[in-house]
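Examining the three-dimensional arrangement
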Amino acid sequence: MTERTLQGKLALVTGSTSGIGLGMAIALARRGCNLVINGFGDAGGIARLVASIAGEHSVQAVFESGDLSKVADIENLMKRCADVHGGVDILINNAGIQHVSRIEDFPVERWDAVIALNLSAVFHATRLALPGMRQRGWGRIINIASAHGLVASAEKSAYVAAKHGVVGLTKTTALETATTGITCNAICPGWVLTPLVQKQIDVRMKEKSITPEQAKAQLLGEKQPSQEFVTTEQIGEMAAFLCSPGADQVRGVAWAIDGGWTAQ
Ligand code: NAD
């Protein structure tokens, strides 16, 4: 059984109703961490998900809504975490979206939406979480960047710009907290088979009239030398390590977990 090393801590994982965020929330719950789950989805499904995590891992788990592309929603979410749930010890900035298009065709409102959620929301949640963490003398901020925070791909200008920005913001946050018990690091996954990537597989199947298996193989073949998807469980384990005392001096890194993508 996994040791309950995070018993009594509270983690806010943004965008944790699905995919990587959910994987990390479960990994922390296994270590006894209480959770604030956030993200979109149907209310009944989310309620069942939250209850099942709480029941299975004997932790407190609550859902707090909020469209994190809106500053007012982030401020409201962070205030509820502080006032109602006792303050965020672990902030995982994970919510993110993608839009694929060449720069000259990139819809301006999609650029704004990607930057607002994938980059600005990380700044806003961080600035609002830091005072409580400083007061308690301990904190963990984990920003989910991407292999696209380290290298680029064509047709992903907003995403690549936002994720490179997140890596830079991670370093600045780490420097401003370097003499405290608060650490800030980024995780940079390669391809993970979540709804965000499934959409890209669906487009490829349609455009090229190929099977799901062929589309997945193409996606991996272009970028990920291992030819295997990274799993949400593996990213959860990395996040859990970053929350452990062993990672007290891991500060300001952008940690790839990408099947060799950025080794090339
Ligand atoms: P996903 O689509 O499965 O999950 C995204 C989550 O964010 C969902 O819970 C969704 O409801 C939530 N969300 C979307 N818009 C939101 C908003 N405006 N406000 C609040 N919540 C919102 O995607 P995922 O693949 O799990 O992606 C999670 C993070 O990991 C993203 O930041 C993404 O860029 C990053 N990432 C994903 C991959 C991959 O291959 N899947 C690779 C590298 C990085």
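Scroll up to find the structure.
Residues numbered from 1 in each chain as written. Predicted model: local features only at pLDDT ≥ 70, side-chain atom pairs only at ≥ 80, totals over all residues. Heavy atoms only, no water.

**Quick notes on the site of the ligand**
As a matter of local geometry, the ligand sits amid 30 residues, with S18, N94, Y159, V192 and T194 nearest to it. A distance of 2.7 Å is found between an oxygen atom of the ligand and a backbone nitrogen or oxygen belonging to N94. Measuring from an oxygen atom of the ligand, one finds a backbone N or O atom of V192 at 2.7 Å. Protein burial of the ligand: of its 820 Å² of free accessible surface, 93% is covered by the chains. (Near = heavy atom within 4 Å. Polar contact = N/O pair within 3.5 Å; in protein donor to acceptor, adjacent residues only side chain to side chain. Areas by Shrake-Rupley, 256 points an atom, 1.4 Å probe, with all protein chains shown as cover.)

**Quick look at the pattern of salt bridges**
In total, this model carries ten salt bridges according to the counting rule given. When the shortest N-O distance is used, the salt bridge between D89 and R136 registers 3.1 Å. Linking D89 in the loop between α3 (71-83) and β4 (90-93) with R136 in helix α4 (residues 108-136), this pair joins segments that are 47 residues apart in sequence. Take R136: its relative accessible area is 38%, and that puts it in the partly exposed class. A single network of salt bridges, built from pairs that share partners, joins R30, R31 and E237. (Salt bridge = Lys/Arg side-chain N within 4 Å of Asp/Glu carboxyl O. Helix = DSSP H or I, 4+ residues; strand = E, 2+ residues; numbered from the N terminus. Buried < 20%, exposed > 50% of the residue type's maximum accessible area, 1.4 Å probe, protein only.)

**So, the environment of E213**
Along the polypeptide, E213 turns up in helix α7 (residues 212-223). Sequence-wise, E213 and I201 are twelve residues apart; in three dimensions their C-alpha atoms are separated by 9.3 Å.

**Some words on the packing of aromatic side chains**
Applying the stated criterion across every chain, the model contains three aromatic pairs. Ring plane angle 80° and centroid distance 6.4 Å describe the contact between F106 and W111, whose orientation is recorded as edge-to-face. Residue classification places F106 among the buried residues on the basis of a relative accessible area of 10%. Judged by relative accessible area, W111 falls into the partly exposed class, the value being 34%. Taking the centre distance of 6.0 Å and the plane angle of 85° together, the rings of F241 and W255 count as edge-to-face. Of this pair, F241 sits in helix α8 (residues 232-242) while W255 is found in strand β7 (residues 254-257), placing the two residues 14 residues apart along the sequence. Given a relative accessible area of 31%, W255 falls into the partly exposed group. Above the plane of the ring of W138 lies K9, whose end atom (NZ or CZ) is 4.2 Å from the centre. (Phe/Tyr/Trp six-rings, centres within 6.5 Å; stacked < 30°, edge-to-face > 60°. Lys NZ or Arg CZ within 6 Å of the ring centre and 35° of its normal.)

**Digging into the layout of surface pockets**
There is about 1300 Å³ of room inside the largest pocket. Sorting the residues of the lining of the largest pocket by element identifies α1 (19-30), α4, α5 (157-176), α6 (195-208) and α7 as the ones contributing at least two each. For the lining of the largest pocket, the element with the most residues is α6, which contributes nine residues. Residue composition of the lining of the largest pocket, by class: 20 nonpolar, 19 polar and eleven charged. Two domains each put at least three residues into the lining of the largest pocket: domain 1 (10-190 + 231-256) and domain 2 (191-229). (1 Å grid on protein atoms, 1.4 Å probe; cavity = no way out; pocket = protein on both sides within 12 Å on 5 of 7 lines; lining within 4 Å. Points joined across faces, edges and corners; volume = space filled by probe spheres on them. Nonpolar A, V, L, I, M, F, W, Y, C, P; charged D, E, K, R; others polar. Domains from an automatic or database assignment.)

**Let's talk about α8**
Along α8, the residues that are buried comprise T232, I235, G236, M238, A239, A240 and L242. Buried residues along α8 sit in contact with α1, β4, β5 (139-144), β6 (182-189) and β7. (Contact = heavy atoms within 4.5 Å.)

So yeah, pure geometry; function would need other evidence.
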